[in-house]
Amino acid sequence: IYATWANGGDVRAYNNGTDSWGSSLRTLAAAATDALSSFRMPNNSEYIAWAFTSGYTHYDGSSYANSAKATKYLAFWDNRLWGIDNTGQLWSSQLIGTETDDAKLPLPDGYVSRLFVGPDAGGERILYAATVDGLWAHDAANARFVETDVKFPRHQYGGHGATTWNGLIYVTAGMAVYEYNPRAGTVRSIGLDRDAGVVTDFRGRFEKLIPTQVALVGRTVNPTSQNELWGWNGRGWQRLTGGSFAPLVSNDIHISSAYDAYRLYW
């Protein structure tokens, strides 16, 4: 498991045997805005990549290299690496370090908040861009973004937790979570802001959603920077950090079978 520290983008790897992060492996040019792991390019090399707004760094298991292509968020689709910058300009790469511009969001600078892959109306996987006021689908054939029915009043943290789970798309906006079924063309609100919301201690915003086998796990942060973990099972939310489990002071969550154990990390 890799993690980046906010103070300049310090990259470190977790040592499960010693329960420690060890020394710095790489210092990015700026704080990381996104990361993408375990993707294989057409040259058969497997990579990890970190975006830091003015460019991105990629690692093939033996060496690190930088690209000066402005990149805020990353995704892998159609056997290519994709990135999008702060202006909403999308690009793709079949040879890492060589990028070609594609569609551009018809929105102001700074509106894009996530780039990810999800199903379209026919069940095919496509790229989506989540923004501070809704969700846009990538039309690859025409190199354009198409607005979806997921629209909400502009929220400065809108779209930060966008992901897919069980064939559906989920987009966050504060404590709100929108569930989008592109096949049926339906949208419903399922967030913690429903039914008068949650108690004051838990109010804040969703920062991330990750899919697991049994639930869609979300991390929220409140105005005092305390984090909570919540699980959505398709019918309701469960507070996973309840009881004697105190709120977390944590910036990220991750789930994988790293170190031969399937676990949720934060």
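Refer to the structure above for everything that follows.
Let me sum up the structure you'll find in this document. None of the values given here were measured: they were computed from a predicted structure. (Residues numbered from 1 in each chain as written. Predicted model: local features only at pLDDT ≥ 70, side-chain atom pairs only at ≥ 80, totals over all residues. Heavy atoms only, no water.)

A closer look at the nonpolar core
In terms of nonpolar packing, the biggest core is built from 18 residues, with Ile84, Leu90, Leu105, Leu115, Leu127 and Phe145 touching the most fellow members. Apart from residues no more than four positions distant in its own chain, Ile84 is found in contact with Thr71, Lys72, Tyr73, Gln89, Leu90, Trp91, Leu105, Val112, Leu115 and Phe145. (Core = buried A, V, L, I, M, F, W, Y, C linked by side-chain atoms within 4.5 Å. Buried < 20%, exposed > 50% of the residue type's maximum accessible area, 1.4 Å probe, protein only. Contact = heavy atoms within 4.5 Å.)

Details of the pairing of strand S4 (residues 34-40)
Judged from the six bridges that link them, S4 and strand S5 (residues 46-51) form a sheet pairing that is antiparallel. When the sheet's bridge partners are listed, Ala35 is paired in S5 with Trp50. From the end of S4 to the start of S5, which pair antiparallel, there are five residues, and Asn44 there has a positive phi angle of about 75 degrees. (Pairing = 2+ DSSP bridges. Helix = DSSP H or I, 4+ residues; strand = E, 2+ residues; numbered from the N terminus.)

Considering the pattern of salt bridges
Counted by the stated rule, this structure contains twelve salt bridges. Where Arg40 meets Glu46, a salt bridge forms, and the shortest distance between an N and an O atom there is 3.6 Å. The partly exposed category is assigned to Arg40, whose relative accessible area is 42%. Using a relative accessible area of 38% as the deciding quantity, one classes Glu46 as partly exposed. For Lys151, the salt bridge goes to Glu147, with nearest N and O atoms at 2.8 Å. Using a relative accessible area of 38% as the deciding quantity, one classes Lys151 as partly exposed. (Salt bridge = Lys/Arg side-chain N within 4 Å of Asp/Glu carboxyl O.)

Observations concerning the sheet that holds strand S20 (residues 205-211)
An order of S20-S21-S22-S23 is seen for the four strands of this open sheet, with the pairing classed as antiparallel. Two strands in the sheet have a free side with no partner beyond their single neighbour: S20 and strand S23 (237-239). When the angles between neighbouring strand axes are averaged without regard to direction, this sheet yields 30 degrees. Bridge count between strand S22 (residues 227-232) and S23: three bridges; the pairing is antiparallel. (Axes fitted to C-alpha atoms, helices over the stretch in contact; angles between N-to-C directions.)

Overview of the side chain of Asn227
Relative to the helices and strands, Asn227 resides in strand S22. Look at Asn227 and you get buried, because its relative accessible area is 2%. Here Arg219 takes part through its side chain, which lies 2.3 Å from a polar atom of the side chain of Asn227. (Polar contact = N/O pair within 3.5 Å; in protein donor to acceptor, adjacent residues only side chain to side chain.)

Observations regarding the side chain of Glu179
Tracing the backbone through its elements, the reader meets Glu179 in strand S18 (residues 176-181). At a separation of 2.7 Å, a polar atom in the side chain of Glu179 contacts the side chain of Tyr170. At a separation of 2.6 Å, a polar atom in the side chain of Glu179 contacts the side chain of Arg188. When neighbours within four sequence positions are excluded, Glu179 is seen to be in contact with Leu168, Ile169, Tyr170, Thr186, Val187, Arg188, Ile190 and Trp232.

Quick notes on the sheet that holds strand S14 (residues 134-139)
Spatially, the four strands line up as an open sheet ordered S12-S13-S14-S15, and their pairing is antiparallel. Across the chains shown, the open sheet's two edge strands, defined by having one partner strand only, are strand S12 (112-119) and strand S15 (144-151). Neighbouring strand axes in the sheet, compared pairwise and without regard to direction, differ in orientation by 30 degrees on average. Pairing geometry for S12 and strand S13 (residues 125-131), over seven bridges, is antiparallel. In the strand pairing of S13, Pro119 is matched with Arg125.

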